[in-house]
Amino acid sequence: MAQPAEKIELFDVNSDEELARHEARLREAERVVEALLFASAEPLDEAEMARRLENGDDLPRVLERLRAHYVGRGVNLTRVGKKWFFRTAADLNWILAREQVEEKKLSRAALETLAIIAYHQPTTRAEIEEIRGVAISKGTLDVLLDTGWIRLRGRRKAPGRPITYGTTDAFLMHFGLEQIGDLPGLDELKGAGLFDGRLPKGFDVPQPSDDTALRDDEEPLEDEAPALLEMEFLDESDAAPEPTADDED
(Lines give C-alpha, C1' and ligand atoms only; values in the text may rest on other atoms or scores of the structure.)
Protein backbone atom coordinates (compact mmCIF):
# COMPACT_ATOMS: atom_id res chain seq x y z
CA MET A 1 0.00 0.00 0.00
CA ALA A 2 1.35 3.39 -0.98
CA GLN A 3 2.52 5.60 1.87
CA PRO A 4 1.34 9.25 2.03
CA ALA A 5 3.91 11.69 0.69
CA GLU A 6 6.00 13.43 3.34
CA LYS A 7 5.15 17.10 3.76
CA ILE A 8 7.99 19.32 2.61
CA GLU A 9 8.39 22.79 4.15
CA LEU A 10 9.70 25.29 1.65
CA PHE A 11 10.63 27.71 4.44
CA ASP A 12 12.08 27.06 7.87
CA VAL A 13 9.35 28.59 10.03
CA ASN A 14 11.31 28.22 13.22
CA SER A 15 14.33 29.91 11.64
CA ASP A 16 12.20 32.84 10.43
CA GLU A 17 10.66 33.25 13.86
CA GLU A 18 14.08 33.19 15.49
CA LEU A 19 15.38 35.84 13.10
CA ALA A 20 12.35 38.02 13.83
CA ARG A 21 12.91 37.71 17.58
CA HIS A 22 16.61 38.51 17.14
CA GLU A 23 15.82 41.59 15.05
CA ALA A 24 13.25 42.78 17.61
CA ARG A 25 15.84 42.35 20.38
CA LEU A 26 18.39 44.38 18.42
CA ARG A 27 15.89 47.18 17.76
CA GLU A 28 15.04 47.38 21.46
CA ALA A 29 18.74 47.35 22.35
CA GLU A 30 19.29 50.22 19.88
CA ARG A 31 16.60 52.25 21.65
CA VAL A 32 18.22 51.61 25.04
CA VAL A 33 21.73 52.51 23.87
CA GLU A 34 20.50 55.58 21.99
CA ALA A 35 18.71 56.81 25.12
CA LEU A 36 21.77 56.22 27.29
CA LEU A 37 24.02 58.15 24.90
CA PHE A 38 21.64 61.10 24.61
CA ALA A 39 21.20 61.32 28.39
CA SER A 40 24.91 61.13 29.20
CA ALA A 41 26.94 64.32 29.59
CA GLU A 42 30.17 62.35 29.06
CA PRO A 43 31.24 59.68 26.56
CA LEU A 44 29.91 56.28 27.64
CA ASP A 45 32.12 53.26 28.13
CA GLU A 46 31.24 50.09 26.21
CA ALA A 47 31.25 48.03 29.40
CA GLU A 48 28.67 50.33 31.01
CA MET A 49 26.35 50.14 28.00
CA ALA A 50 26.69 46.36 27.73
CA ARG A 51 25.73 46.07 31.40
CA ARG A 52 22.41 47.82 30.66
CA LEU A 53 21.44 45.46 27.85
CA GLU A 54 19.57 42.19 28.17
CA ASN A 55 22.32 40.59 26.10
CA GLY A 56 25.60 42.50 26.30
CA ASP A 57 27.00 40.53 23.36
CA ASP A 58 24.64 42.51 21.10
CA LEU A 59 26.44 45.79 21.82
CA PRO A 60 29.01 45.81 18.95
CA ARG A 61 26.26 45.15 16.39
CA VAL A 62 23.96 47.71 18.01
CA LEU A 63 26.61 50.44 17.98
CA GLU A 64 27.47 49.83 14.33
CA ARG A 65 23.79 49.98 13.37
CA LEU A 66 23.34 53.22 15.28
CA ARG A 67 26.50 54.71 13.78
CA ALA A 68 25.27 53.84 10.27
CA HIS A 69 21.86 55.35 11.06
CA TYR A 70 23.39 58.70 12.03
CA VAL A 71 25.76 58.99 9.07
CA GLY A 72 24.87 62.12 7.13
CA ARG A 73 22.64 63.51 9.89
CA GLY A 74 23.11 66.60 12.07
CA VAL A 75 24.80 64.55 14.77
CA ASN A 76 27.08 61.57 14.35
CA LEU A 77 27.82 58.68 16.69
CA THR A 78 31.53 58.83 17.42
CA ARG A 79 33.93 56.37 19.06
CA VAL A 80 37.02 57.32 21.05
CA GLY A 81 38.89 54.34 22.41
CA LYS A 82 36.17 52.24 24.04
CA LYS A 83 33.84 55.17 24.67
CA TRP A 84 31.02 56.49 22.47
CA PHE A 85 29.18 59.81 22.24
CA PHE A 86 27.09 61.94 19.90
CA ARG A 87 28.93 64.82 18.26
CA THR A 88 27.70 67.59 15.98
CA ALA A 89 28.49 66.81 12.35
CA ALA A 90 31.81 68.45 11.51
CA ASP A 91 30.37 70.44 8.58
CA LEU A 92 27.73 72.02 10.86
CA ASN A 93 30.01 73.28 13.63
CA TRP A 94 29.96 76.79 12.21
CA ILE A 95 26.19 77.04 12.74
CA LEU A 96 26.54 76.48 16.47
CA ALA A 97 29.56 78.75 16.96
CA ARG A 98 28.27 81.90 18.67
CA GLU A 99 31.60 83.43 19.57
CA GLN A 100 35.19 82.82 18.63
CA VAL A 101 37.28 81.74 21.61
CA GLU A 102 40.96 82.44 21.20
CA GLU A 103 42.87 79.31 22.11
CA LYS A 104 46.31 79.54 23.59
CA LYS A 105 48.83 77.91 21.30
CA LEU A 106 51.17 75.31 22.69
CA SER A 107 54.87 76.08 22.60
CA ARG A 108 57.15 74.11 20.31
CA ALA A 109 58.52 72.31 23.36
CA ALA A 110 55.01 71.30 24.46
CA LEU A 111 54.07 70.07 20.98
CA GLU A 112 57.25 68.03 20.69
CA THR A 113 56.74 66.57 24.15
CA LEU A 114 53.11 65.71 23.36
CA ALA A 115 54.11 63.97 20.13
CA ILE A 116 56.79 61.93 21.90
CA ILE A 117 54.37 60.85 24.62
CA ALA A 118 51.71 59.92 22.03
CA TYR A 119 54.03 57.76 19.93
CA HIS A 120 56.28 56.33 22.66
CA GLN A 121 53.89 55.85 25.61
CA PRO A 122 54.37 54.77 28.25
CA THR A 123 57.43 56.99 28.39
CA THR A 124 59.41 58.70 31.14
CA ARG A 125 60.77 62.21 31.44
CA ALA A 126 64.33 60.96 30.83
CA GLU A 127 63.22 59.18 27.64
CA ILE A 128 61.46 62.33 26.41
CA GLU A 129 64.61 64.35 27.04
CA GLU A 130 66.76 61.77 25.26
CA ILE A 131 64.58 61.93 22.14
CA ARG A 132 64.34 65.75 22.13
CA GLY A 133 67.99 66.20 23.02
CA VAL A 134 67.24 68.88 25.62
CA ALA A 135 65.93 69.06 29.17
CA ILE A 136 62.19 69.42 29.73
CA SER A 137 60.74 71.91 32.19
CA LYS A 138 58.02 71.17 34.72
CA GLY A 139 55.99 73.97 33.16
CA THR A 140 55.76 72.11 29.86
CA LEU A 141 54.31 69.03 31.53
CA ASP A 142 52.01 71.21 33.66
CA VAL A 143 50.54 72.77 30.50
CA LEU A 144 49.93 69.38 28.90
CA LEU A 145 48.37 68.01 32.08
CA ASP A 146 46.11 71.08 32.29
CA THR A 147 44.81 70.44 28.78
CA GLY A 148 43.85 66.94 29.88
CA TRP A 149 45.69 65.42 26.91
CA ILE A 150 48.28 63.52 28.94
CA ARG A 151 48.18 61.67 32.23
CA LEU A 152 50.49 60.10 34.75
CA ARG A 153 50.22 56.35 34.14
CA GLY A 154 52.46 54.75 36.77
CA ARG A 155 56.10 54.29 37.73
CA ARG A 156 58.77 52.50 35.74
CA LYS A 157 60.34 49.56 37.57
CA ALA A 158 63.83 51.03 37.29
CA PRO A 159 66.27 52.93 39.52
CA GLY A 160 64.57 56.07 40.79
CA ARG A 161 61.12 54.70 39.82
CA PRO A 162 60.46 57.47 37.24
CA ILE A 163 56.88 58.42 36.38
CA THR A 164 55.51 57.12 33.07
CA TYR A 165 53.30 59.32 30.89
CA GLY A 166 50.54 58.49 28.39
CA THR A 167 47.72 60.16 26.47
CA THR A 168 44.03 60.36 27.39
CA ASP A 169 40.64 60.04 25.69
CA ALA A 170 40.54 63.86 25.65
CA PHE A 171 43.61 63.78 23.40
CA LEU A 172 41.83 61.46 20.97
CA MET A 173 38.68 63.58 21.01
CA HIS A 174 40.53 66.86 20.39
CA PHE A 175 42.47 65.48 17.42
CA GLY A 176 39.53 63.53 15.99
CA LEU A 177 41.02 60.07 16.49
CA GLU A 178 39.04 56.91 17.27
CA GLN A 179 42.12 55.19 18.66
CA ILE A 180 45.79 56.02 19.16
CA GLY A 181 46.68 53.68 16.29
CA ASP A 182 45.07 56.21 13.92
CA LEU A 183 48.06 58.53 14.36
CA PRO A 184 49.90 58.96 11.04
CA GLY A 185 52.72 56.56 10.24
CA LEU A 186 56.01 57.30 8.52
CA ASP A 187 54.61 57.18 4.96
CA GLU A 188 51.78 59.56 5.87
CA LEU A 189 54.17 61.97 7.56
CA LYS A 190 56.43 61.93 4.51
CA GLY A 191 53.44 62.55 2.26
CA ALA A 192 52.49 65.57 4.35
CA GLY A 193 55.98 67.00 3.87
CA LEU A 194 56.88 66.75 7.55
CA PHE A 195 60.08 64.84 6.79
CA ASP A 196 62.45 66.59 4.40
CA GLY A 197 65.77 65.27 3.19
CA ARG A 198 67.29 61.86 3.79
CA LEU A 199 66.33 60.03 6.98
CA PRO A 200 68.86 57.99 8.98
CA LYS A 201 69.10 54.33 8.01
CA GLY A 202 66.59 52.23 9.94
CA PHE A 203 64.56 55.28 11.02
CA ASP A 204 60.94 54.44 11.72
CA VAL A 205 57.89 55.79 13.51
CA PRO A 206 56.79 53.53 16.39
CA GLN A 207 53.37 51.91 16.43
CA PRO A 208 51.67 53.69 19.35
CA SER A 209 49.54 51.98 22.01
CA ASP A 210 47.51 53.62 24.77
CA ASP A 211 46.39 50.46 26.57
CA THR A 212 45.33 51.63 30.03
CA ALA A 213 46.63 48.47 31.70
CA LEU A 214 50.06 48.87 33.28
CA ARG A 215 52.84 47.01 31.52
CA ASP A 216 55.13 44.48 33.16
CA ASP A 217 57.78 47.16 33.71
CA GLU A 218 55.31 49.57 35.36
CA GLU A 219 53.82 49.75 38.85
CA PRO A 220 50.86 51.79 40.16
CA LEU A 221 51.12 55.38 41.34
CA GLU A 222 50.91 55.84 45.07
CA ASP A 223 49.92 59.52 45.25
CA GLU A 224 48.01 62.29 43.49
CA ALA A 225 49.39 63.71 40.23
CA PRO A 226 50.31 67.25 41.45
CA ALA A 227 52.31 65.91 44.39
CA LEU A 228 54.04 63.32 42.22
CA LEU A 229 55.05 65.91 39.63
CA GLU A 230 56.47 68.14 42.34
CA MET A 231 58.57 65.22 43.59
CA GLU A 232 59.69 64.44 40.03
CA PHE A 233 61.32 67.88 39.81
CA LEU A 234 62.20 68.24 43.49
CA ASP A 235 65.93 67.77 43.04
CA GLU A 236 66.11 70.53 40.40
CA SER A 237 64.26 73.05 42.59
CA ASP A 238 67.05 72.92 45.16
CA ALA A 239 69.69 73.83 42.59
CA ALA A 240 70.28 77.12 40.81
CA PRO A 241 67.96 77.32 37.79
CA GLU A 242 69.57 76.91 34.39
CA PRO A 243 67.99 77.92 31.09
CA THR A 244 66.62 75.08 28.98
CA ALA A 245 65.33 74.90 25.44
CA ASP A 246 61.79 74.93 26.89
CA ASP A 247 62.42 78.30 28.52
CA GLU A 248 63.17 79.80 25.14
CA ASP A 249 60.00 78.56 23.41
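Now for a description of the structure that goes with this document. Everything quoted here is computed from the prediction, not taken from an experiment.

Scanning the chain for helices and strands turns up 12 helices and seven strands. Here the chain holds 249 residues, and 30% of them are scored as buried. Of the contacts formed within the chain by residues at least 6 apart in sequence, a portion of 60% connects residues at least 24 apart. As displayed, the chain has an accessible area near 16,900 Å², and 52% of this comes from carbon and sulfur atoms.

Read across the sheet, three strands follow the order S1-S3-S2 without closing on themselves; strand pairing throughout is antiparallel. Edge strands, defined here as strands with exactly one partner in the open sheet, are strand S1 (44-45) and strand S2 (75-80). Of the strand pairs in this sheet, S1 and strand S3 (residues 83-88) are connected by two bridges, and their pairing is antiparallel. Bridge pairing links Leu 44 to Trp 84 in S3. The strands touched by helix H3 (residues 59-70) are S2 and S3; relative to S2, the strand with the most contacts, the crossing angle is about 140°.

One can find Arg 153 in strand S5 (residues 150-156). Residue Arg 153 is classed as buried on the basis of its relative accessible area of 7%. Reaching out from Arg 153, the side chain makes a polar contact with the backbone oxygen of Asp 211 at a distance of 2.8 Å. Setting aside chain neighbours within four positions, we find Arg 153 in contact with Pro 122, Thr 164, Tyr 165, Gly 166, Asp 211, Thr 212, Ala 213, Leu 214, Arg 215, Glu 218 and Leu 221.

On the surface, Trp 94, Ile 95 and Leu 96 cluster together to form a nonpolar patch covering roughly 380 Å² of accessible area. Within the element layout of this structure, Trp 94 appears in helix H4 (residues 93-96).

Before going further, it helps to spend a moment on the packing of helix H5 (residues 108-120) against helix H6 (residues 125-132). Between H5 and H6, the shortest axis-to-axis distance is 10 Å and the interhelical angle comes to 115°. Taken together, the axis directions place H5 and H6 in an arrangement best described as roughly perpendicular. At the point where H5 passes H6, the crossing takes the right-handed sense. Packed against H5, whose contacting residues are Ala 109, Glu 112, Thr 113, Ile 116, Ile 117 and His 120, the element H6 presents Ile 128, Ile 131 and Arg 132 at the interface. Here the residues of the contact of H5 with H6 sort into five nonpolar, two polar and two charged.

Enumeration according to the criterion identifies 20 salt bridges in this entry. As a salt-bridge pair, Arg 27 and Glu 23 come within 3.7 Å of each other at their nearest N and O atoms. In this pair, Arg 27 and Glu 23 are both assigned in helix H1 (residues 13-39), four residues apart and thus about one turn of the helix distant. With a relative accessible area of 29%, Glu 23 lands in the partly exposed category. Of the charged contacts, one joins Asp 142 and Lys 138 as a salt bridge, the two residues approaching to 2.8 Å between their closest N and O atoms. With Asp 142 and Lys 138 both in helix H7 (residues 138-147) and four residues apart, the pair spans about one turn of that helix. Asp 142 gets classed as partly exposed once you look at its relative accessible area, which sits at 24%. In this structure, a network of salt bridges that share partners links the residues Glu 23, Arg 27, Glu 30 and Arg 65.

Definitions and limits used
Residues numbered from 1 in each chain as written. Predicted model: local features only at pLDDT ≥ 70, side-chain atom pairs only at ≥ 80, totals over all residues. Heavy atoms only, no water. Helix = DSSP H or I, 4+ residues; strand = E, 2+ residues; numbered from the N terminus. Buried < 20%, exposed > 50% of the residue type's maximum accessible area, 1.4 Å probe, protein only. Contact = heavy atoms within 4.5 Å. Areas by Shrake-Rupley, 256 points an atom, 1.4 Å probe, with all protein chains shown as cover. Pairing = 2+ DSSP bridges. Axes fitted to C-alpha atoms, helices over the stretch in contact; angles between N-to-C directions. Polar contact = N/O pair within 3.5 Å; in protein donor to acceptor, adjacent residues only side chain to side chain. Patch = residues over 30% accessible without salt bridge, like charges linked within 9 Å, V, L, I, M, F, W, Y side chains within 5 Å. Salt bridge = Lys/Arg side-chain N within 4 Å of Asp/Glu carboxyl O. Parallel < 35°, antiparallel > 145°, perpendicular 65-115°, else oblique. Left-handed = near helix turned anticlockwise from the far one by under 90°. Nonpolar A, V, L, I, M, F, W, Y, C, P; charged D, E, K, R; others polar.

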